[in-house]
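Listed here are the chains, written in short residue letters.
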Amino acid sequence: MNKDTLIRLSGVSKRFQMGSGVVQALREVDLVIKRGDFLAVMGPSGSGKSTLMNIIGLLDRPDEGSYLLEDQDVGGLDDDRRSYIRNRTIGFIFQNFNLLSRATAYRNVMLPLAYRPMPETERHRLALQALDAVGLSPRAEHTPPQLSGGERQRVAIARALVGGPSVILADEPTGNLDSRAGDEIIELLTEISGRGKTVILVTHDHGLTRYAVR
Ligand code: ADP
Ligand code: MG
């Protein structure tokens, strides 16, 4: 495999059983994503974008087809192994932020490091560094209800970054934000991609053509 290839999906299909019917969410998807790519996934509601993200993020498995992540065929691995790889390789950002509402920004950002073998002081250092990278260190002790929508999403981005993942998956991260806060989030993701991180973004924002986006 090409050494710059991070993700290779071949012939990936996914169906869901709904009552007596079947929904074909993905049909024979072939996709190659290279390290450093900034990929925008666009399409109407129900076209399978989240299903694709869940498969790439190892939250779900395809019915058919193969998935190579960092040269490893992850399709045949058991759930424990997939969780291990997910925790180290993938950073998720969701439309609804998915933060723990009673934990401070700082605690939220530290969560992905919980099972990493490292000293507690190192977890704290990395969490502060990630909050700093999204400009939120002054809000470290705030809980999500004490933050604006845009700030919450920046906490979620810090949480996605803290473990040093290879790829950031953002599924409609601006869907619950006003246009200004949404633009700031897209700018931040652009910056992150500019630093060499692979970013896959599901979005409705056609203004993205302004950025270096595939
Ligand atoms: P998008 O994110 O593009 O809006 P989704 O990937 O969420 O689309 O869904 C694609 C199709 O698969 C839709 O028709 C949806 O109803 C169906 N689907 C998604 N997840 C499930 C599920 N867990 N059970 C049944 N159907 C599902
Ligand atoms: Mg979706």
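Notes on the structure in this doc start here.

Scoring rules and cut-offs
- Residues numbered from 1 in each chain as written.
- Chains lettered and ligands numbered in written order.
- Predicted model: local features only at pLDDT ≥ 70, side-chain atom pairs only at ≥ 80, totals over all residues.
- Heavy atoms only, no water.
- Helix = DSSP H or I, 4+ residues; strand = E, 2+ residues; numbered from the N terminus.
- Rg over C-alpha atoms; globule rule 2.2 N^0.38 Å.
- Buried < 20%, exposed > 50% of the residue type's maximum accessible area, 1.4 Å probe, protein only.
- Contact = heavy atoms within 4.5 Å.
- Pairing = 2+ DSSP bridges.
- Axes fitted to C-alpha atoms, helices over the stretch in contact; angles between N-to-C directions.
- Expected span 1.5 Å × (residues − 1).
- Arc of directions from axis to C-beta.
- Patch = residues over 30% accessible without salt bridge, like charges linked within 9 Å, V, L, I, M, F, W, Y side chains within 5 Å.
- Areas by Shrake-Rupley, 256 points an atom, 1.4 Å probe, with all protein chains shown as cover.
- Salt bridge = Lys/Arg side-chain N within 4 Å of Asp/Glu carboxyl O.
- Parallel < 35°, antiparallel > 145°, perpendicular 65-115°, else oblique.
- Left-handed = near helix turned anticlockwise from the far one by under 90°.
- Lys, Arg positive; Asp, Glu negative; His and termini not counted.
- Polar contact = N/O pair within 3.5 Å; in protein donor to acceptor, adjacent residues only side chain to side chain.
- Near = heavy atom within 4 Å.

Considering the overall build of the chain
When helices and strands are counted, the chain shows six helices and eight strands. Relative to the globule expectation of 17 Å for 214 residues, the C-alpha radius of gyration of the chain, 17 Å, shows essentially globular dimensions. Dimensions of the chain, computed from the C-alpha atoms along their principal axes, are close to 50 × 40 × 40 Å. In the chain, which comprises 214 residues, the share counted as buried stands at 47%. Within the chain, counting contacts between residues at least 6 apart in sequence, those at least 24 apart form 68% of the total.

Focus on the sheet that holds strand β5 (residues 72–73)
Spatial strand order, β2-β1-β4-β5: four strands in an open sheet with antiparallel pairing. Each of the sheet's edge strands pairs with one partner strand only, and the pair in question is β2 (21–34) and β5. One ladder, built from two bridges, connects strand β4 (residues 64–69) with β5; its direction is antiparallel. Bridge pairing in β5 links Leu-68 to Asp-73. Helix-sheet contacts for helix α1 (residues 49–56) involve β1 (5–18), β2 and β4, and the interaxial angle to β2 is about 60°.

Quick look at the sheet that holds strand β7 (residues 167–171)
Consider a sheet: its strands pair through backbone hydrogen bonds, and that pairing is either parallel or antiparallel. With parallel pairing, four strands are arranged side by side in an open sheet as β3-β8-β7-β6. Only two strands of the sheet have a single neighbouring strand rather than two, namely β3 (38–41) and β6 (90–94). With direction set aside, neighbouring strand axes in the sheet form an average angle of 15°. Bridge count for β7 against strand β8 (residues 198–202) is five bridges, and the pairing is parallel. Opposite Leu-169, over in β8, you have Ile-200 as the bridge partner. On top of the sheet, helix α5 (residues 149–161) reaches β6 and β7; it is set at about 165° to β6, its chief contact. Taken strand by strand, helix α6 (residues 179–194) contacts β3, β6, β7 and β8, and its axis lies near 155° from that of β8.

Thoughts on helix α4 (residues 120–133)
Taking 1.5 Å of rise per residue, 14 residues should cover 20 Å, and α4 covers 20 Å from first to last C-alpha, within 8% of that figure. Residues Arg-123, Leu-126, Ala-127, Ala-130 and Leu-131 constitute the buried set of α4. Mapping the buried residues of α4 onto a view down its axis gives an arc of 135°, with all of them on the same face. Pointing more than 90 degrees away from the buried face of α4 are the exposed residues Thr-121 and Asp-132.

Observations regarding a nonpolar patch on the surface
Judged by side-chain polarity, Phe-16, Met-18 and Val-23 come together as a nonpolar surface patch covering roughly 280 Å² of accessible area. Mapped onto the elements of the fold, Met-18 is located in strand β1.

As for the packing of α5 against α6
Running from N to C, α5 and α6 cross one another at 20°; their axes reach a closest spacing of 9 Å. With respect to α6, the element α5 is oriented roughly parallel. α5 and α6 meet at a crossing whose hand is right-handed. Note on element contacts: α6 touches α5 through Ala-181, Glu-184, Ile-185, Leu-188, Leu-189 and Ile-192, opposite Gly-150, Gln-153, Arg-154, Ile-157 and Leu-161.

Structural notes on the side chain of Arg-159
Note on placement: Arg-159 falls in helix α5. For the buried Arg-159, no salt bridge is present, and the opposite-charge side chain at shortest range is Asp-171, 13 Å distant. A polar contact is formed between the side chain of Arg-159 and the backbone oxygen of Asn-98, at a distance of 2.6 Å. Discounting residues that sit within four places of it in the chain, Arg-159 has contacts with Phe-92, Phe-97, Asn-98, Leu-99, Asn-108, Val-109 and Pro-112.

So, the site of ligand 1
For ligand 1, the full set of nearby residues is Phe-16, Met-18, Val-23, Ala-25, Pro-44, Ser-45, Gly-46, Ser-47, Gly-48, Lys-49, Ser-50 and Thr-51. Between ligand 1 and Ser-47, the relevant distance is 3.2 Å, taken from an oxygen atom to a main-chain nitrogen or oxygen of the residue. At 2.8 Å from an oxygen atom of ligand 1 is found a side-chain nitrogen or oxygen belonging to Lys-49. In isolation ligand 1 offers 560 Å² of accessible surface; the protein chains occlude 63% of this area.

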